[in-house]
Amino acid sequence: MESLEIANRNLTISISEEITKIHNYESTVNVYMEQLKNLTRRVETMENGGLSYSELDFELIKLEIKEMENIILQLRTSLNGSNVIVETLYQEIHNISIMVSQLEVYDKNNVLVIRREIAELQKRLEECQQNNSKPNVLSLPQAHYGTCDHGHIVNISKPYVVQQNLNGANYKSGGWGKDSLLGADQTTFWVSPLNTDRRLMNFVYSYPSYNDLLLYKHTVSKSLSSSSFGQGAGMIMYNNTMYYNCHNSNNLCKYNMKTNAVERLALRDATYTNRFSYLSTPWQDIDFAGDENGLWVIYATEHSNGNMVLSKLNATTLAVQRTWHTNQYKPAVTNAFMAVGILYATRAVNTQTEEIFYMYNTKTGKEGKLSILFDKMQENIHNLSYNPNDHQLYALNDGYQVTYDVTFNSLLENVSKK
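Notes on the structure in this doc start here.

About the cut-offs
Residues numbered from 1 in each chain as written. Predicted model: local features only at pLDDT ≥ 70, side-chain atom pairs only at ≥ 80, totals over all residues. Heavy atoms only, no water. Pairing = 2+ DSSP bridges. Helix = DSSP H or I, 4+ residues; strand = E, 2+ residues; numbered from the N terminus. Axes fitted to C-alpha atoms, helices over the stretch in contact; angles between N-to-C directions. Buried < 20%, exposed > 50% of the residue type's maximum accessible area, 1.4 Å probe, protein only. Disulfide = S-S within 2.5 Å. Salt bridge = Lys/Arg side-chain N within 4 Å of Asp/Glu carboxyl O.

**Re the sheet that holds strand β19 (residues 353-361)**
Two pairing modes exist for strands in a sheet, parallel and antiparallel, and in both the strands are linked by backbone hydrogen bonds.
Right, so step 1: Strand order in the open sheet formed by four strands is β17-β18-β19-β20, with antiparallel pairing between adjacent strands. The sheet is open, and its two borders are formed by β17 (335-339) and β20 (366-375), each paired with just one other strand. Geometrically, the sheet is characterised by an average inter-axis angle of 25° between neighbouring strands, direction not taken into account.
Right, so step 2: Where β17 and strand β18 (residues 342-348) come together, five bridges link them in antiparallel fashion. Directly across from alanine 339, in β18, lies its bridge partner isoleucine 342.

Quick look at the structure:
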């Protein structure tokens, strides 16, 4: 009888502990039910095209799902029996995990391409509608991109996320895009990631088509010799030649993608080795740019006290043809690019928004302030370049390859207003 009483008392204590556990688990289940509802809404929003797609978005969601899966498995094990709420929750978590995986694969390989095509069609339709609604302008010649018939930039589109850096999330810096020579072949894409310390450039990859870039297929890899390594994310492809800052020097390097030949020439007075680099982007002391007018280089000197200096280059000899001095301090700028002979500089508004805040017109020699906001996927933009062939900006945004459509104002509109 004593043994039975002791066993009964122990059993009572054990049952009380299990009941307490069940109450705690029910509270936990309620919390995760709410999280699951929020997660479901986010997935539906992504599925309906309400957000820009990003591998990072998918990774964060998958981590949250994994955490909930671990909790629900613990609940199933601890209860030692069937529980309708827990089993239902388990099945919903499992289903949403499958849904996100399918959505991610579908998006990466197809949706981004389709969205770009639809956006281009919508843009063309809007232009047709505008022309039809303004018959008095039809007799005027249209502005031709690739010429100087348009003025400065007035708007930047939402970002299109193309791909993550082929070397993974730890490789946040580098450059990518298409050939920036006006009239150059636009089917081939290039990618040049820097190493993890965001300084050394020793590889250039090219892809024969956009789909090959998306899937990292048919890669042509070029390896630079140690004497020809690059430094910083200021590189650009121009006439099938990669232009970049030679490692640990103020030399300009040009690498011929066909012959693998490397030429170099010192950029007089240009500072280097992180002396006046962009804010939050180390080692980008010398930054190449291309536009409708040719090849440019953006840098700073001791004589300019760190203010941005702009030089027009001879693409064949690397010789400086003409130089302009600005009053904009380069380390206060997050990045810069050229478009139609105008230098544009950006700065961070917050972790999600960037602003084009400064411009310098090489035709007039005048500089000015402006405010053109655009979204970004991650905090830091490491490379920003304009392509005159498709009127897009190509950015490397903390390892993510992103493009933006650029809208210019028309010089004809300015004349008609006057």
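**Some details on the side chain of threonine 301**
Right, so step 1: Along the chain, threonine 301 turns up in the loop between β14 (294-300) and β15 (307-313).
Right, so step 2: Residue threonine 301 is classed as buried on the basis of its relative accessible area of 6%.

**Focus on unusual backbone geometry**
Right, so step 1: Notably, tyrosine 216 is not glycine yet its phi reads approximately 50°, a positive angle.
Right, so step 2: Locating tyrosine 216 in the fold gives a position in the loop between α4 (210-215) and β7 (220-223).
Right, so step 3: Even without being a glycine, valine 340 presents a positive backbone phi close to 55°.
Right, so step 4: One can find valine 340 in the loop between β17 and β18.

**Structural notes on the state of the cysteines**
Right, so step 1: Overall, the coordinates contain one disulfide when judged by the stated rule.
Right, so step 2: The disulfide partner of cysteine 246 is cysteine 253, and the gap between their sulfur atoms is 2.1 Å. Disulfide cysteine 246 to cysteine 253: torsion about the S-S bond roughly 115°, handedness right-handed.
Right, so step 3: Using a relative accessible area of 0% as the deciding quantity, one classes cysteine 246 as buried.
Right, so step 4: For cysteine 253, a relative accessible area of 0% gives the class buried.

**Brief notes about the pattern of salt bridges**
Right, so step 1: Counted according to the given criterion, the structure contains six salt bridges.
Right, so step 2: Measuring nitrogen to oxygen at the nearest pair gives 2.6 Å for the salt bridge that ties aspartate 375 to lysine 158. With aspartate 375 in strand β20 and lysine 158 in the loop between β1 (150-156) and β2 (160-164), this residue pair connects regions lying 217 residues apart in the sequence.
Right, so step 3: Residue classification places aspartate 375 among the partly exposed residues on the basis of a relative accessible area of 27%.
Right, so step 4: The exposure class assigned to lysine 158 is exposed, which follows from its relative accessible area of 56%.

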